[in-house]
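Next come the chains, spelled out residue by residue.
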Amino acid sequence: MVDKFRVAQPWLTLIARLILGAVLLVAGALKIGNLQKSAMAVRAYELLPVQLANFLGYTLPWIEIGVGLLLITGAVVKISGLIGAITMLAFIIAIAQAWARGLSIDCGCFGGGGAIDPEDTRYLSEIIRDLGLFILGIYLYLYPKGRFGLDK
Amino acid sequence: MATNNGGDKGTRNLVIIMVSFIVVVGIVFSLISNRSSTSAAIPASVSADDGYGIVLNPNTKPTIDVYIDYQCPVCKTFEILNGEYLNEVIAQNKAKVVYHPMTFLGPESILAANAAACAADENEFVAMNLAIFQDQSANENSGKWQGDAMLNIGKSIGINSAKFEKCINDGNYVKWTGNVASASAAANVNGTPTVFVNGKELDRNTEYGDPIKFKAALAAGGVK
């Protein structure tokens, strides 16, 4: 079993990098075209002071793009994976508290965001998705070296 | 041990530098472009004190702030339900009403907001506001408002001046829509329509969709 893992690990790392990297890259890219909406999405969580929420709304998309690119190309994977995991954890907490507090919002994860009808909320699937991505990030932190990466 | 066929350290560092550069430049650009622009042309009826909104009855109290996006379907419904009463309030000088046309739904929202501001300069904001909503397309970002659409809406309510046409074609107030957006962000407005009476937000779930409750909410805020 351990041997099988040792053989598979470099490929698993590659796959994890590509999945987490692509999701982050796309998520960031989709937000760049409408930063008003991105800021609105963060404000709608009612977690941060307005100025900080707006700042995060304008800057987070770029961070996602940056980390996504690093993961896809396989540079500084250990740190990028960790940042990716921390980001996902933050999203999970934010969505969970919105759910618990009875807010009706779109997570804004891929653009969009803000207030929506209560029956349109998708909190559970959003959390499960982000949990999966969180696990990928932790895996990359633990096993950063894999096929076709720039880290030697 | 077979290592990956990754690049040498030089390529890796180059990639890191390039990505960092993209991120830093992107962040700086985004932060700067989402601020209010002091060099933006603003309509005469607008001031920074009112979140760059279009002001009707500047010297009256109480103040009603209305945040809308011209492409937002719920805003069209809001206008149909409550527009007549709001226009009455304006015409009878019972309150200061400030309209904040937001533009987060897409580029055509910017075209519409610019047109509304141009109409405000012609003292025709109220009629233009209604006319734009009546012309709203069933789908957002449909392309309906490109080209001469806004000009034609203006003509349909009797605005024929060359100044208006130039304002539309030159997009005089496009930059101003950025100021409105920035101020709306600072005011924590997260959806449209959103209405405040003297700074107190109305209940989205009950007071927008029912004209009687809306009127009562305004009365509770001091609108006689």
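Scroll up for the structure.
Starting afresh in each chain, residues are numbered from 1 along the sequence in its written order. Chain A is the first chain written and ligand 1 is the first ligand written, with later ones labelled in order. Selection of residues for local features in this predicted model requires a pLDDT of at least 70, selection of side-chain atom pairs for listing and counting requires 80 or more, and totals for whole chains, interfaces and linings are taken over all residues.

## Structural notes on the interface of chain A and chain B
Here, residue contact means that the backbone-derived C-beta atoms of the two residues sit within 7 Å. In this assembly, 33 residues from chain A lie in contact with 25 residues from chain B. We count a stretch as a helix when DSSP gives it H or I for four or more residues in a row; a strand needs E for two or more, and each element gets its number in order from the N terminus. Sorting the residues of the side of chain A that touches chain B by element identifies helix H2 (35-44), helix H3 (50-73) and strand S2 (114-115) of chain A as the ones contributing at least two each. Take the side of chain A that touches chain B: its biggest share by element is 11 residues, from H3 of chain A. Across the side of chain A that touches chain B, the residue classes break down as 17 nonpolar, 10 polar and 6 charged. Polar here means any residue outside two lists: the nonpolar Ala, Val, Leu, Ile, Met, Phe, Trp, Tyr, Cys and Pro, and the charged Asp, Glu, Lys and Arg; Gly therefore counts as polar.

## A look at unusual backbone geometry
Residues and elements named next belong to chain B. Residue proline 62 follows lysine 61 across a cis peptide bond; omega there is -5°. By the element assignment, proline 62 lies in the loop between strand S1 (54-56) and strand S2 (63-69). Threonine 192 connects to proline 193 through a cis peptide bond whose omega is -5°. For proline 193, the position within the fold is in the loop between helix H7 (174-186) and strand S4 (194-197).

## Here we look at the environment of alanine 40 of chain B
Residue and element names in this part refer to chain B. Residue placement: alanine 40 occurs in the loop between helix H1 (9-33) and S1. Residue alanine 40 is classed as partly exposed on the basis of its C-beta count, with 17 C-beta atoms lying within 10 Å. A sequence separation of 158 residues divides alanine 40 from asparagine 198, and the C-alpha atoms of the two residues are 27 Å apart. Counting other C-beta atoms within 10 Å of its own, a residue is labelled buried from 20 upward, exposed at 12 or fewer, and partly exposed in the gap between, with every C-beta atom placed from the backbone.

## Digging into the packing of H3 of chain A against helix H4 (residues 77-100) of chain A
All names here are of chain A. Axis definition: a line fitted to C-alpha atoms, over the contacting stretch in the case of helices. Angles run 0 to 180 degrees between N-to-C directions. Remark: H3 packs on H4, axes separated minimally by 9 Å, with the N-to-C direction vectors making an angle of 135°. Viewed along their axes, H3 and H4 adopt a mutual orientation that is oblique. In the crossing of H3 with H4, the sense of the turn from one axis to the other is left-handed. Seen from H3, the contacting residues are Val67, Leu70 and Leu71; seen from H4, they are Val77, Ser80, Ile83 and Gly84. Considered class by class, the residues forming the contact of H3 with H4 number 5 nonpolar, 2 polar and no charged. An angle below 35 degrees is read as roughly parallel, one above 145 as roughly antiparallel, one from 65 to 115 as roughly perpendicular, and any other as oblique. A crossing counts as left-handed when the near helix is turned anticlockwise from the far one by less than a right angle, and as right-handed when that turn is clockwise.

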